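# Breakdown of the fold
Each chain, letter by letter, is given below.
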Amino acid sequence: MSVGWGNITVKEILDPINGALISGVPETVLTGISTDSRTAREGELFWALVGEIYDGHDFALKAAEKGAAAMVVERKWVHSKGAGKRLDSVRSRFPDRAIISVEDTLKALGDLAAWWRRRHHLKVVGITGSSGKTTTKEMTAAILGLGHRTLKNPGNFNNLIGLPLTLLQLGREHSCAVLEMGMNHPGEIARLTDIADPDVGVILNVGMAHLEGVSDLDGVARAKTEMMERISPKGLMILNGDDVPLMRRASSFSMPKMTFGLGKENDVRGTSIENEGPGGTRFSLEYRGAAWPVRIRIPGTHHLKNSLAAAAVALGLDEPAENIIKGLAGFSAIRGRFDVMSLEGGIILVDDTYNANPSSLGAAIESVGAMVAHGGRIIVGLGEMLELGDAAISAHREAGRKVAEGGASRFYAMGAHARDMMEGALAAGMPEDRLKIIETHDEMVKEIGQVMSEGDLILLKGSRRMQIEKVVEGLRGRAHGA
C-alpha cells in the first residue's frame, strides 16, 4: 500500500535506517524531509548531512527552531565533544523533538529512500551514461507523463543525495518515476541502483567522463554496467547498441535486453533521417516491423539517439506509439544542453554550456557541422573539461583536434588546459592565427563578438564550474545591443 508524508512516524523509520531513538517521542508524525535548516518547515524530519564545506549537525538547533519535528544525526557526532551543548539546547528548549542517531547519515538517507520506494507501487526507470542523461530523462518523462503521473529528478539531483531526496517525494499519485543516475567513482551506480530498484535500466553510452574515479574507458564501462549487476533479474535493460565498448561489457550479463541506435541490429532504430538544421530532426522510428514518423525539435545526432532511448523505454513499458510521437514532438531543448537560439543578424548560438566531457564535445561538434548555414562559419568557445584525471592532457588535445577537424573557423579556449586544446587544433592543421587562449568570460565575449557575422554558428561548451553560460549571456546582450 502506498504511503505519504504525514502518515509516517519516527518509530516506523527506525528499522529501515538502523536508527536509535535517543530523545523524543516515537509516535511523532513526520510531514516531510529537509536537509537544509534554512528551508526546514513545521513537522519535517531534518537530516544532518556532512558535506565538504558545511556540516548539517551544526544547524540542528536552527532546524528545531524552524519547527522540525525530528532530526537524524550521526552517532559519532552525538559522542563528540562539540555535540553536548547543541544536544542539550535542543532537548531543553524542544523536549518533544525526536532525535535519531545512525552510523552514517548519507547511507541512512539512501536506506530510507529505498524503503520508501518499495512502499509505493509504480514503474521506475533508471538512466545513466557518460552524456545525454538529463535530456533522455526529460524526453522519457515527457512521453510517460502523457499517460501517468510521473516523478523525475529536478535539475541535477542524480547523485547519492539528490536521487534519494527525489524518491522521497513519491506520493500515492505517482505511477512512474524517471531517475537520472550520475557517478564520479566506482560503486555509485551500484548503490543508486540498489536504492531506486528500477524496473527499466538505461545505459546511453560509455565515454571519457569522470575518469578521476575510474582511470580509463574500460573503467567507465565497468562503472556504468554496475546497473546491470544490481538490477532485478526481472528488470529490462535498454542499451545503446551502437556503442561497442558498452555492448562488449554488457554481453556477459544475462537478463532481458533491448537495444537502440542507428545500426540495423538494434531493436529500436532511427531510419530515414532528415536533418532540418536548427529546427530539429525528422526520422522513422522502427520497432518489431512497425514504423512511425517522429520529429524532434532539437538538432544533432546525439539527441536523435537520446530520443531513441526514450522511445525504447516507452516501448518496453508498452506505452502507445502515439504518446511517443506526441511526447517527443513536444519536447524542447533544456537550457544549457544544446539549446539553439537565434541572434540578431542571422547568427545561430548553440548553448551547450551545462557540462562537458570528450564524448559530449565530439557529439556537439559533429552536430553543429550539419547545422551551419551555407557560407557561414563555425566559431567555437570552450572551457576546460574537468574530472579527467591522468587523461586530462590527452583528452584536451583530442578536443582541440575534434574542433579543427569539425571545420571550425575560429577557436577560443579558456582554463588550465586551454593550451593543450590549442596544441591539438594546431596539430590537426588549424591555422595559429585562428586560435586564441582566453583568460576571462568578458574577453571571450569581446573576441567572439568582434568576428561573428551573418550566417555564423557559435558553439559554446565547457564543464559546469567553468561557467561558460556567462559568455552566452554576454553574446546575447551584445547582439541585442547591436
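Preceding block: the structure.
Now for a quick tour of the structure. Starting from 1, residues in each chain are numbered consecutively following that chain's sequence as written. This being a predicted model, a pLDDT of at least 70 is required before a residue's local features are given, and a value of 80 or more before pairs of side-chain atoms are given or counted; all residues contribute to the totals for chains, interfaces and linings. Computation of side-chain values covers all heavy atoms of the structure but excludes hydrogens and water.

Going along the chain from the N terminus, every DSSP run of H or I of four or more residues is numbered as a helix, and every run of E of two or more is numbered as a strand. Checked against the element boundaries, serine 307 lands in helix 13 (residues 301–316). Contacts are assigned to residue pairs that have any heavy atoms within 4.5 Å of one another. Contact partners of serine 307, with chain neighbours within four places excluded, come to Met139, Phe283, Ile296 and Leu328.

Moving on: the sheet that holds strand 2 (residues 20–23). In space, the five strands of this open sheet follow the order 2-7-6-5-4, with mixed pairing throughout. Edge strands, defined here as strands with exactly one partner in the open sheet, are strand 2 and strand 4 (33–34). Criterion used throughout: strands pair if DSSP finds at least two bridges between them. Summarising the sheet, strand 2 and strand 7 (residues 98–102) pair through three bridges and their orientation is antiparallel. Residue serine 23 lies in a different strand from strand 7, and its bridge partner there is isoleucine 99. As a rule, the C-alpha atoms of each element are fitted with a line to give its axis, helices using only the stretch in contact, and angles between N-to-C directions run from 0 to 180 degrees. Most of the contacts of helix 4 (residues 83–93) go to strand 7, to which it runs at about 150°, and overall it touches strand 2, strand 6 (70–74) and strand 7.

By convention in these notes, a salt bridge is any Lys or Arg side-chain nitrogen within 4 Å of a carboxyl oxygen on Asp or Glu. Under the defined criterion, the tally for this structure stands at 31 salt bridges. The partner of lysine 107 in a salt bridge is aspartate 111, with the nearest N and O atoms 2.8 Å apart. Here the residue lysine 107 and the residue aspartate 111 both occupy positions in helix 5 (residues 105–118), the gap between them amounting to four residues, near one helical turn. Using a relative accessible area of 47% as the deciding quantity, one classes lysine 107 as partly exposed. With its nearest N and O atoms 4.0 Å apart, the salt bridge here joins glutamate 473 to arginine 476. Burial classification: accessible surface area is computed with a 1.4 Å probe over protein chains only, and a residue below 20% of its type maximum counts as buried, one above 50% as exposed, and the rest as partly exposed.

Keep in mind these values describe shape, not function.
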